[in-house]
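The lines below spell out each chain.
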Amino acid sequence: MKLRILKSAVTNPWFNLATEDWIFNTLNPDSHTLFLWRNSETVVIGRSQNPWVECKTDKMEADDVFLARRQSGGGAVFHDLGNTNFTFLSPSDAYDQEANFTIIINALKKLGIDATLSGRNDMQVGDRKISGSAFKHAADRSFHHGTLLVNANMQKLGDYLNPHLLKLKAKGIKSVRARVANLVDFNETINHETLSEAIIEAFCEYHGETAQVEQLDEASLAKQPTLNAYYQQMADWDWRFGKTPEFTHHIETRFDWGMMDVHIDVKQAMITEVVIFSDALNVELIDLLKNTLTGVKYNKPEIKNKLDDLAKTQPELVAQVSDFEKWLVGEMEG
């Protein structure tokens, strides 16, 4: 069976994840395809995950860190230029998950690193995890995506993947943290290029074929309308946040004008219901807050704008609305 090797020169995660979807959904699955890529600083969450539970969205925004949601399952991971990502695509009748892991393990051996498969999804060196994988299958094709920690910034991994302790009762999948290590801990000369070369070599050796490496860049978007459509989806707020499983945000506090016990139900990143228990004397304030927030995106700027508008139309409630807005927006920082 022939081989196809693709390598991205782009570090925008939305482009690279869109390329994965383009490979999976559009390419003819008549060959074993290998795609190699890496991203600028990004938190990538699984298809069924909640970004507010998994990562500090406020800090990411302040630091210009991308948020991306992939099509496949699995947990949240931090990518930077110290990560090398690999994707295998094969026809269903020729797909061999164990072969894919063998190729990566063989590539690491070329670089003097002895890795082993751990469970179904991970690879490790000793007792330290250096790679995780996720999978997707269709009638005629199968897809295996994995990440290798080469020289990732472990401090930032902790900065962005350890969320504030919000009272979020979330449906969907939560990530399980594991002890991890960079490949440079075992071979200080390794980098993205040397690792990519080793993987390509091991890929060709395993299958007994060779193929020219196809370089992908932004010009690929113009040449491939389907790829561009996938890119637009990956970059869209509604995909990254709106596809979040249903959850409830429960917060409570006491102001000098009354106690507030607030339950916000969120579905597809839209506030569907607000329940407020309060001993505040002004019942109208409570009803106005509930009505103002219902139907709004679970998004700090949107909520802030709505509450600012409420304060303008209710001058006698400006102080209370302002107190509530500052508190709620602050509690949403995750």
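Use the structure listed above.
Enquirer: What's the story with the packing of helix α10 (residues 283-293) against helix α11 (residues 300-313) in this structure? I'm lost.
Expert: Axes are the key here: two packed helices are described by the angle between their axes and the distance separating the axes. Relative to each other, α10 and α11 sit at 140 degrees, their axes nearing to 10 Å. By the criterion of interaxial angle, the relationship of α10 to α11 is oblique. Where α10 crosses over α11, the two elements pack in a sense that is right-handed. Of the residues in α11, those in contact with Leu288, Leu289, Thr292 and Leu293 of α10 are Ile303, Lys306, Leu307 and Leu310. Among the residues making up the contact of α10 with α11, the classes are represented as six nonpolar, one polar and one charged.

Enquirer: Please clarify how the environment of asparagine 85 should be interpreted in this entry.
Expert: Looking at the element boundaries, asparagine 85 is found in strand β6 (residues 83-91). A C-alpha to C-alpha distance of 5.8 Å links asparagine 85 and leucine 36, two positions 49 residues apart in sequence. Residues within four places of asparagine 85 in sequence aside, it is in contact with Phe35, Leu36, Trp37, Arg38, Asn39, His79, His145, Gly146 and Thr147. Of the polar contacts made by the side chain of asparagine 85, one reaches the side chain of threonine 147; its length is 2.8 Å.

Enquirer: Can you help me understand unusual backbone geometry in this one?
Expert: Peptide bonds are trans in most cases, and residues, glycine excluded, mostly fall at negative phi. With a phi close to 55 degrees, aspartate 64 is a non-glycine residue in the positive phi region. Positionally, aspartate 64 belongs in the loop between α3 (57-62) and β4 (66-69).

Enquirer: When you look at α11 in this model, what are you seeing that I'm missing?
Expert: An α-helix turns once per 3.6 residues; consequently, residues spaced three or four apart project the same way. With 14 residues, α11 should reach 20 Å at 1.5 Å per residue; the first-to-last C-alpha distance of 20 Å fits that figure. Among all positions in α11, only Ile303, Leu307, Leu310 and Ala311 are buried. Looking down the long axis of α11, one finds its buried residues gathered within 100 degrees of arc, a one-sided arrangement. Of the exposed residues in α11, those oriented more than 90 degrees away from the buried face are Lys312 and Thr313. Buried-residue contacts for α11 involve β15 (270-278), α10 and α12 (318-331).

Enquirer: So what exactly am I meant to see when it comes to the sheet that holds strand β3 (residues 42-45) here?
Expert: Within a sheet, adjacent strands bond to each other through the backbone by hydrogen bonds, running parallel or antiparallel. Spatially, β4-β3-β5 is the arrangement adopted by the three strands of the open sheet, whose pairing is mixed. Two strands close off the open sheet at either side, each with one partner strand: β4 and β5 (77-79). Strand-to-strand, the axes of this sheet are offset by a mean angle of 25 degrees, without reference to chain direction. Bridge count between β3 and β5: three bridges; the pairing is antiparallel. Its bridge partner lying in β5, threonine 42 is registered against histidine 79. Its contacts with the sheet place helix α5 (residues 154-161) against β3 and β5, and it is angled at close to 130 degrees to β5.

Enquirer: Is there a simple way to think about the sheet that holds strand β1 (residues 3-8) in this case?
Expert: An order of β7-β8-β9-β10-β6-β2-β1-β12 is seen for the eight strands of this open sheet, with the pairing classed as mixed. The open sheet has two free edges, formed respectively by β7 (116-118) and β12 (213-216), since each of these has just one partner strand. Each neighbouring strand pair of the sheet contributes to a mean axis angle of 25 degrees, computed without reference to strand direction. As judged from the four bridges shared by strand β8 (residues 122-125) and strand β9 (residues 128-137), these two strands associate in the antiparallel manner. Residue pairing for β9: methionine 123 is matched across the bridge by serine 131.

Enquirer: Looking at this structure, how should I read the packing of aromatic side chains?
Expert: Two measures describe an aromatic ring pair: the distance that separates the ring centres and the angle between the ring planes. Inspection of every chain in the model, using the stated rule, returns 15 aromatic pairs. Grouped by ring-pair contacts, the aromatic residues Trp52, Trp237, Phe241, Phe247 and Tyr298 constitute a single cluster. In this structure, lysine 136 packs its charged tip against the face of phenylalanine 24, placed 4.4 Å from the ring centre. Of note, lysine 297 hangs over the ring of tryptophan 237, and the distance from its end group to the ring centre comes to 4.3 Å.

Enquirer: What's the story with the packing of α10 against α12 in this structure? I'm lost.
Expert: Their axes nearest at 11 Å, the elements α10 and α12 cross at an angle of 45 degrees. In terms of axis orientation, α10 runs oblique to α12. Read as a crossing pair, α10 and α12 show a hand that is right-handed. Where α10 approaches α12, its residues Leu285, Leu289 and Leu293 are matched on the opposing element by Gln320, Val321, Phe324 and Leu328. When its residues are assigned to classes, the contact of α10 with α12 shows six nonpolar, one polar and no charged.

What counts and what doesn't
Residues numbered from 1 in each chain as written. Predicted model: local features only at pLDDT ≥ 70, side-chain atom pairs only at ≥ 80, totals over all residues. Heavy atoms only, no water. Axes fitted to C-alpha atoms, helices over the stretch in contact; angles between N-to-C directions. Helix = DSSP H or I, 4+ residues; strand = E, 2+ residues; numbered from the N terminus. Parallel < 35°, antiparallel > 145°, perpendicular 65-115°, else oblique. Left-handed = near helix turned anticlockwise from the far one by under 90°. Contact = heavy atoms within 4.5 Å. Nonpolar A, V, L, I, M, F, W, Y, C, P; charged D, E, K, R; others polar. Polar contact = N/O pair within 3.5 Å; in protein donor to acceptor, adjacent residues only side chain to side chain. Expected span 1.5 Å × (residues − 1). Buried < 20%, exposed > 50% of the residue type's maximum accessible area, 1.4 Å probe, protein only. Arc of directions from axis to C-beta. Pairing = 2+ DSSP bridges. Phe/Tyr/Trp six-rings, centres within 6.5 Å; stacked < 30°, edge-to-face > 60°. Lys NZ or Arg CZ within 6 Å of the ring centre and 35° of its normal.

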